[in-house]
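Commentary on secondary and tertiary structure
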Amino acid sequence: MLLLNISSLYLKCGVFLPKNDSLANELQKNKFKYINPENILDLDSNKLLLFQINYFQIEDFEKSPDIEFLSKLNIIQEVNKEENDSIEKILLNFKDNTETISESRIKDSKIPECYFSGKLNGRNEYLIYKIFKKKCVKFGDITKLTVTGIDYINHNLENSFFDLTKETIPNLVIVGENKNSSSLNKSNKNKKVLKDKLYPYLLATGDDDISVYKVDSINSYKKIGYNTMGPTSLWSLLNLTGNYEDPELALSEATRGNNKLIDLSVGDIYGGDYGGASLCSDLIASSFSKVKNVNDINKIDKKDVSKALLIFYGVTYAQVASMVSIGENIDKTIVSGDNFGSLELMQMIQTCLEGFTGNKIGAVFNDYSNYFEIIGMIVELEKSGLLTNKVIQ
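Below is a short write-up of the structure. Within each chain, residues carry numbers counting from 1 in the order of the written sequence. Only residues with pLDDT of at least 70 are given local features in this predicted model, and only at 80 or more are side-chain atom pairs given and counted; all residues enter the totals for whole chains, interfaces and linings. Excluding hydrogens and water, the side-chain values take into account all heavy atoms of the structure.

It is worth spelling out the overall build of the protein chain at this point. Along its length, the protein chain carries 14 helices and 15 strands. Relative accessible area decides the class of each residue, using a 1.4 Å probe on protein chains only: under 20% of the type maximum gives buried, over 50% gives exposed, and in between gives partly exposed. Among the 393 residues that make up the protein chain, the fraction classed as buried is 53%. Considering only residue pairs separated by 6 or more positions, the protein chain has 72% of its internal contacts joining residues 24 or more positions apart. Here the Shrake-Rupley method, with its probe set to 1.4 Å, supplies the accessible areas, and only the displayed protein chains count as covering residues. With an accessible surface of roughly 18,100 Å², the protein chain has 47% of that area assigned to carbon and sulfur atoms. Labels follow the DSSP assignment, with helices taken as runs of H or I lasting at least four residues and strands as runs of E lasting at least two, numbered in each case from the N terminus. Should any heavy atoms of two residues lie within 4.5 Å, those residues are considered in contact.

On to the side chain of S160, then. Along the chain, the position of S160 falls in the loop between helix 7 (142–156) and strand 7 (161–164). What qualifies as a polar contact is a pair of N or O atoms within 3.5 Å, subject to a donor-acceptor requirement within protein and to the restriction that residues adjacent in sequence count only when both atoms come from side chains. There is a polar contact of 2.6 Å between the side chain of S160 and the backbone oxygen of L157. Of the polar contacts made by the side chain of S160, one reaches the side chain of N366; its length is 2.9 Å.

A few words on the nonpolar core. As used here, the term nonpolar core means buried Ala, Val, Leu, Ile, Met, Phe, Trp, Tyr and Cys residues forming a set that is joined through side-chain atoms within 4.5 Å. Core analysis: the biggest nonpolar cluster contains 50 residues, and V173, L234, L238, Y313, Y317 and F365 have the highest contact counts within it. In this structure, F32, F61, I75 and L127 belong to the second largest nonpolar core, which totals 33 residues.

Further remarks concern the sheet that holds strand 4 (residues 46–54). Here, any two strands with at least 2 DSSP bridges between them count as paired. Strand order in the open sheet formed by six strands is 3-4-2-1-5-6, with mixed pairing between adjacent strands. Two strands in the sheet have a free side with no partner beyond their single neighbour: strand 3 (40–43) and strand 6 (135–138). For this sheet the average axis-to-axis angle between neighbouring strands, irrespective of direction, equals 30 degrees. Relative to strand 4, strand 3 runs antiparallel, the two being bridged by four bridges. Pairing of L43 across the sheet is with N46, part of strand 4. Axis definition: a line fitted to C-alpha atoms, limited for helices to the stretch in contact. Angles are taken between N-to-C directions and run from 0 to 180 degrees.

Before going further, it helps to spend a moment on the packing of aromatic side chains. The geometry of an aromatic ring pair comes down to the distance between the two centres and the angle between the two planes. Centre distance within 6.5 Å is the pairing criterion for rings of Phe, Tyr and Trp, where only the six-membered ring of Trp is used; planes under 30 degrees apart are then read as stacked, over 60 as edge-to-face, and the remainder as tilted. Evaluation of the coordinates by the stated rule reveals nine aromatic pairs. Ring centres of F56 and W235 lie 5.0 Å apart, and the angle between their planes is 65 degrees; on these two criteria the pair is classed as edge-to-face. Of this pair, F56 sits in the loop between strand 4 and helix 2 (58–63) while W235 sits in helix 9 (residues 231–240), and the two are 179 residues apart along the sequence. When its relative accessible area of 35% is taken as the criterion, F56 is described as partly exposed. For W235, a relative accessible area of 5% corresponds to the buried category. On the basis of an interplanar angle of 5 degrees and a centroid distance of 4.4 Å, the ring pair of Y270 and Y274 is categorised as stacked. Judged by relative accessible area, which is 33%, Y274 ranks as partly exposed. Charges are assigned to positions over rings by a cutoff of 6 Å between ring centre and Lys NZ or Arg CZ, combined with an angular limit of 35 degrees from the ring normal. In this structure, K133 packs its charged tip against the face of Y129, placed 5.8 Å from the ring centre. Residue placement shows K189 over the ring face of F162; its charged tip is 4.5 Å from the ring centre.

Going from Y199 to P200, the amide bond is cis rather than trans, its omega being -10 degrees. The phi angle at F288 is positive, at roughly 65 degrees, despite the residue not being glycine. For F288, the position within the fold is in the loop between strand 13 (284–286) and helix 12 (302–324). Located in the positive-phi region is N359, a residue other than glycine, with phi close to 65 degrees.

Here the focus is the sheet that holds strand 11 (residues 220–227). Spatial ordering of the open sheet is given by 8-7-15-14-9-10-11, a layout of seven strands whose pairing is mixed. The sheet terminates laterally at strand 8 (189–191) and strand 11, the two strands that pair on one side only. For this sheet the average axis-to-axis angle between neighbouring strands, irrespective of direction, equals 35 degrees. Both strand 10 (residues 210–217) and strand 11 contribute to a ladder of seven bridges, which runs antiparallel. Pairing of K214 across the sheet is with K222, part of strand 11.

In C-alpha cells:
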C-alpha cells in the first residue's frame, strides 16, 4: 500500500514493507539518496518506509539506485513503452503543466488506488500516475492528520523530538557572514521527551503559507494565525533570480552567503552599535533595503541573495508564531512542514522565536516532521478499518 502527502515542493511517500525483512536488510546494506534505514518505522508487526521526492530532482530520482529498490516493492512501475511515456516526456509535461490524467483512467477500476493528503492538482496527479501507476483517493483533513500523527509519535517514537544548540539572534540575523560558521549536524540536536507534557502546544505548519494552530488535545485544535510567506514563497522568490533549479541547493548555499550588499544593518543607519536599544552594528535593520542602490544586480552573488531570503523567511516564520501566541499560556511550538532539510533554517526559527517571546516559547522539531500527515493517515485508516492489508499491493 502506498500513502502520499502532497505538498508544493515535495512528494512525501509512505510504503508498507512486507513482513519479510530481507528488503529492509538490503536497505541497510546500500546507500540511497532518497530512502534510508532511519526512516523505517516499526508499526506493530509491520514496517513503514518513509521517503520524499523533491520535485526539482525528479531526473536524479529516476536515475538513482533507489528506483531499483522501490521496483522490488512493486511501488515503482516500469515505463509503459506502448504509451511512449519516456521519463523526458513525463518530466516535460510535469514542468509545463501540459497534461493531466484522462477521465477514463481516473475512473478505471483496474488501476490500483493510493491514499493521499494535501494538495492534488492535475500536474501532481499526472506525475503520480506516471511514476507509480496509481490513482489518488483523498483521505482526511490534513490538519487533523497532522495532529493525529504528532500524538502517535509522542507515544511511540518519543526520542524523535528535538531542539537545536542555542544561539543568539545577533549571531544569525546579521549583515555579513555568520559569526557561527560551523555547519550544524546531528550532534547539535538536543533530544526532548514530551510524553504527558505534549499538550497544549502551538503547531506551526509551512507549505504555501505559514499557519499556526493552538492544539489542546488530539481532538481539539483551532487556527489562530497565518502569513502568506511560506516555503513555496521562499522558493518562488529564489526562482525569480534564475540562478537555482533546486530549492535545497539554494538553501544549502545560503549558509555560505554574505548579504552585506543586500540587507541594511543597524550600523548603516547609526554608524555603529545603537546603545539605546542594545542593538549591535551588524544586526539587520531592514531586509533587502540596500538593493535599491545597486546599479548592476549581476554583481550580487546568488548565494548572497539566497542567504538574505533565508533570514527573511526564518524571521517571518518566528514572528508569526510569536505574535499569535500572545495571551496563550503555551511554552512550545512544534514545527511542521517543508524546512528543506536545513538545520540552519530550523535554528534560525528557534532562536528568533525564543528571542521574540523572551524565552517564553521554544521551538520543537521532529525527525519525522515531513511525515506527520502520513503517520496520522495510518492511524485514521486503521480506525476506519480500511487498512486491512498492510502488505504491499
